[in-house]
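Next come the chains, spelled out residue by residue.
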Amino acid sequence: MSLNCDQIAGAIAARSDAAQKWLTDMIAFPSTQGQEAEAMAYLKDLCLSLGLPMEYREIPDSIMEDPEYCHSDDETSYVGRPNLVGVLKGSGGGRSVILQSHMDVVPAGEWAEAFTPRVEGGYVYGRGSTDCKGCVVTVLLAMMALRDLGVTLAGDVELQFVIEEEVGGNGALALIRQGCSADGVIVVEATGHQVYPANRGALWFRLRTTGVSAHMGRRHEAVNAIEKMMEASRCLLEYERELIASSRNYPLFERYENPVQLNIGMIRGGAWPSMVADECVMEGGVGFLPNRDLAQVKRELVAAIESSPDQWLREHYELSYPRLHKDAYETDPQHPLVTTVHRAALACGRESEVYGWNVSCDAALYAKLAGLPTLVYGPSDIGGAHSADEKIQWSQALEAAQTLAKGVAEWCGTH
Ligand SMILES: [Zn+2]
């Protein structure tokens, strides 16, 4: 049975008003890191009321010892902060899929109205509207549309709604460590209907240089850690040039003139204007393509600093990576999961291309750690995420739900 896009659109439209309310309800929960429980409880109740058999999946605190774990300033126990998972069993014989999205959001920042949702001019405004509660609603709409149309899927659909995507993917990491498998994974994020079978990776680093303190009057007998950091910065920006040069025109990322980058994000050092600084700490990030992995980028950062002619620097620095680290990944763009979802988007009238995303999300964990064919697809545009006035065009949420319903039906097979 090949599902007609108009039928799917009709089934989704019939639930549009209710689904918009799901989204505004979800936005009102400020589900920043550590505060996800109420939003998850709402989502669980909502799913159960829709007949979707979702259960909490607790995250053990031992996940913090995992080498892939991303530490953060606000990290806290996982007791009472579960992921939400459920399997919609197929009738058998079809391909299975995981549909994944996240319920955590970044903080409000300066935006006073972040958690006061409003609907205006066809948009839903609020923190998480696009990233990623609107995507969660898109998944629910797609599943309900299939059910409303009486479609019986052959393959299983596993829904996974996780926490801590924004701090590096610890929720998804826990699910993967608990064991998850499927014939394909669709991570639903705001891609504006683009199908991304590859993502760039991101590695945050912390670099510490040390010197020898003294009163400024004896500066020439001391060693200034800030000046050592300036030399280290020069080396790192030199590395950025090589990183860009070796990444241009990499397949699926050809459209980006500067597909990768090294950003110096924070720096602090010294204690007093007339004192020679004995310590300086810089934190920054490296974006990289699937032509490298995390281990290689770490080696290259070390090599960049070791390339300095400054012997003191080479002997007095520490590089560490305690915070966000997400690998890059690529799935063959000809993989049937990719072509199926892309065909579904086009069939439903979307403008959609297949290429690499210069953003990282949970997808790489499924691709690299679980070894599953993975892509990212969803409504809206990531541009407004993490900013004030984050919003989602409601029609796009409905349209992405059409693609997912059609794509999942074709991937899993129907009876
Ligand atoms: Zn997201």
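Cut-offs applied
- In this convention, every chain numbers its residues from 1, walking through the sequence in written order.
- In view of the model being predicted, local features appear only for residues whose pLDDT reaches at least 70, and side-chain atom pairs are presented and counted only at 80 or more, with totals across whole chains, interfaces and linings using the full set of residues.
- Throughout, the edges of the domains are those of an automatic or database domain assignment.
- C-beta atoms are placed from the backbone for every residue, and two residues are taken to be in contact when these atoms lie within 7 Å.
- The secondary structure listing takes helices from DSSP runs of H or I that are at least 4 residues long and strands from runs of E that are at least 2 residues long, numbered from the N terminus.
- All amino acids are sorted into three groups, where Ala, Val, Leu, Ile, Met, Phe, Trp, Tyr, Cys and Pro are nonpolar, Asp, Glu, Lys and Arg are charged, and the leftover types, Gly among them, are polar.
- By definition, a nonpolar core groups buried Ala, Val, Leu, Ile, Met, Phe, Trp, Tyr and Cys residues that connect through C-beta atoms lying within 7 Å of each other.
- Partly exposed residues are those whose C-beta has more than 12 but fewer than 20 other C-beta atoms within 10 Å; with 20 or more the residue is buried, with 12 or fewer it is exposed, and the C-beta atoms are placed from the backbone.
- A fitted line through C-alpha atoms represents every axis, and for helices the fit uses only the stretch in contact; the resulting angles, taken between N-to-C directions, go from 0 to 180 degrees.
- With the far helix as reference, a near helix turned anticlockwise by less than a right angle produces a left-handed crossing, and one turned clockwise produces a right-handed crossing.
- What makes two strands pair is DSSP finding at least two bridges between them.
- The span one expects for a helix is its residue count, reduced by one, times 1.5 Å.
- It is the directions from the helix axis to the C-beta atoms whose arc is reported.

In this section: the domain arrangement of the protein. Domain annotation for the protein reports domain 1 (5–199 + 328–412) and domain 2 (201–326). One C-alpha centre belongs to domain 1, the other to domain 2; they are set 34 Å apart. Listed as interface residues are 16 residues of domain 1 and, on the opposing side, 16 residues of domain 2. When contributions to the side of domain 1 that touches domain 2 are tallied by element, the ones reaching two or more residues are strand E14 (329–330) and strand E15 (354–357). Of the residues assigned to the side of domain 1 that touches domain 2, the class counts are eight nonpolar, seven polar and one charged.

Attention now moves to the nonpolar core. Of all hydrophobic cores here, the largest spans 120 residues; its most connected members are Val139, Ala142, Ala145 and Ala401. Split by domain, this core shows at least three residues from each of two domains, domain 1 (5–199 + 328–412) and domain 2 (201–326). Apart from residues lying up to four places away in sequence, alanine 401 is in contact with Ile12, Thr138, Leu141, Ala142 and Ala145.

The next point concerns the packing of helix H2 (residues 16–27) against helix H4 (residues 133–148). H4 packs onto H2 with a crossing angle of 145° between their chain directions and a minimal axis gap of 9 Å. Pair H2 / H4 crosses with right-handed handedness. Taking contact as the criterion, the partners of Ala19, Trp22, Leu23, Met26 and Ile27 in H2 are, on H4, Lys133, Gly134, Val137, Leu140 and Leu141. Each residue belonging to the contact of H2 with H4 can be placed in one class, and the counts come to eight nonpolar, one polar and one charged.

Further remarks concern the environment of leucine 289. Along the polypeptide, leucine 289 turns up in the loop between strand E11 (279–288) and helix H7 (294–306). Owing to 24 C-beta atoms within 10 Å, leucine 289 belongs among the buried residues under this scheme. Sequence separation between leucine 289 and proline 259 is 30 residues; the distance between their C-alpha atoms is 7.6 Å. In contact with leucine 289, not counting residues within four places along its chain, are Arg200, Ser247, Tyr250, Phe253, Pro259, Val260 and Ala328.

Attention now moves to the pairing of strand E7 (residues 185–188). Where burial is concerned, the two faces of E7 agree: the one with Val185 and Val187 and the one with Ile186 and Val188 are both buried. As paired elements, strand E3 (residues 97–102) and E7 share three bridges and run parallel to each other. Bridging from a neighbouring strand, leucine 99 pairs with isoleucine 186 of E7. Across four bridges, the pairing between E7 and strand E16 (residues 374–377) is parallel. Considered in E16, the bridge of isoleucine 186 is made with leucine 375.

Let's shift gears to helix H5 (residues 170–178). Of all nine residues in H5, seven are buried, a share of seventy percent or more. Buried positions along H5 lie against strand E1 (55–57), strand E2 (83–88), E3, strand E6 (157–162) and helix H10 (363–369).

Glancing now at H2. Here H2 is 12 residues long and its end C-alpha atoms lie 17 Å apart, about the 16 Å a rise of 1.5 Å per residue gives. Three or more residues of H2 are buried, namely Ala19, Trp22, Leu23, Met26 and Ile27. Taken down its axis, H2 places every buried residue within 130° of arc, on the same side. Along H2, the residues that are exposed and aim more than 90 degrees away from the buried face are Asp17 and Ala18.

Read across the sheet, three strands follow the order E4-E5-E17 without closing on themselves; strand pairing throughout is antiparallel. The open sheet has two free edges, formed respectively by strand E4 (118–120) and strand E17 (391–393), since each of these has just one partner strand. Adjacent strand axes in the sheet meet at a mean angle of 20° when their direction is disregarded. Here strand E5 (residues 123–125) pairs with E17 via three bridges, running antiparallel. Within the sheet, the bridge partner assigned to tyrosine 123 lies in E17 and is glutamine 393.

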